[in-house]
Amino acid sequence: MSKTPPPVVATLLAERADTLADAARELAAFGWTPATSSNFSMRIDDDLAAITISGRDKGRLGRDDIMLIDMHGKAVGSDHRPSAETGLHTQVYRRFPEANVVLHTHSRTQSVASRLFASEGRVRLEGWELQKAIAGYTTHESVLDIPVFPNTQQMPELEARVDAWIDSGKPLYAYLIDGHGIYTWGRDMAETRRHLEALEFLLGCELDLRRLAP
Ligand SMILES: CSC[C@@H](O)[C@@H](O)C(=O)COP(=O)(O)O
Ligand SMILES: [Zn+2]
């Protein structure tokens, strides 16, 4: 096991774990984390984050289901295996210094939308009042693109696609993975929850539009 973290980090880890477990329980109650899917994390400082241990039931998380990692995804002070998708979390913390929380869920709406829009490479949100729930958006008269990346079990491949999107200069607040789910982030839990709930709603609206006005 790697070095035991100092007491101050252990205290912060426990605090983050409580916040993550509370949020996860609520998201699971919405039905967005079926069959142990989804993963959640919070930044602790520039070098460390708290993240869900791989394979745990996200609706029943306690402090023991959250572990410490460094920003390369390596376990710190634990023999447990962090989320299989840890690399996607640490990438957000590296690329967006203002981000302190990452939420990834597998709702039915997110999953269906990811399949339906995969061929277009993105979901274009335009004209919806709820776009204003995304940090920095002040009007429905804006365009909010949510990219859809191909699914893969190779996290470095996904990370490279996310990096390419960011490096092209296009804004990124969230992304879908084809047949998989959504990733979004924010400055704190409240903002990240707001992003996730708004995007779930907006994806549902886009699906309804395709259904009703194909
Ligand atoms: C149970 S299938 C879903 C997983 O493959 C994965 O996509 C996921 O979201 C949860 O993985 P985890 O390793 O528990 O963080
Ligand atoms: Zn997943």
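Let me begin by describing the structure that accompanies this report. Keep in mind it's a predicted model, so treat the numbers as computed, not measured. (Residues numbered from 1 in each chain as written. Chains lettered and ligands numbered in written order. Predicted model: local features only at pLDDT ≥ 70, side-chain atom pairs only at ≥ 80, totals over all residues.)

## Points about the site of ligand 1
Here's step 1: Around ligand 1, 13 residues are found, and the nearest of them are Ser37, Asn39, Ser54, Ser83 and Ala84.
Here's step 2: Looking at side-chain class alone, the shell around ligand 1 contains two nonpolar, 10 polar and one charged residues. (Near = placed C-beta within 6 Å. Nonpolar A, V, L, I, M, F, W, Y, C, P; charged D, E, K, R; others polar.)

## Considerations on the nonpolar core
Here's step 1: Counting residues in each nonpolar core, the largest one holds 50 residues, and the members touching the most others are Leu20 and Ala50.
Here's step 2: Of the residues forming this core, the biggest block, eight residues, is contributed by helix α1 (residues 7-29).
Here's step 3: Leaving out residues up to four positions away in the same chain, Leu20 has contacts with Phe40, Met42, Ala50, Thr52, Leu61 and Ile66. (Core = buried A, V, L, I, M, F, W, Y, C linked by C-beta atoms within 7 Å. Buried ≥ 20, exposed ≤ 12 C-beta atoms within 10 Å, placed from the backbone. Helix = DSSP H or I, 4+ residues; strand = E, 2+ residues; numbered from the N terminus. Contact = placed C-beta atoms within 7 Å.)

## Considerations on the sheet that holds strand β2 (residues 48-52)
Here's step 1: An order of β4-β3-β2-β1-β5-β9-β8-β7-β6 is seen for the nine strands of this open sheet, with the pairing classed as mixed. With partners counted over all chains shown, the strands left at the sheet margins are β4 (75-76) and β6 (122-126), one partner each.
Here's step 2: Where strand β1 (residues 39-43) meets strand β5 (residues 101-105), four bridges bridge the pair, whose relative direction is antiparallel. When the bridges of β5 are listed, Ser41 appears paired with Val102.
Here's step 3: On the sheet, helix α3 (residues 108-116) packs against β5, β6, β7 (143-149), β8 (174-177) and β9 (181-186) and is oriented at approximately 75 degrees with respect to β8.
Here's step 4: The strands touched by helix α4 (residues 155-167) within the sheet are β7 and β8, with β7 carrying the most contacts at an inclination of about 155 degrees. (Pairing = 2+ DSSP bridges. Axes fitted to C-alpha atoms, helices over the stretch in contact; angles between N-to-C directions.)

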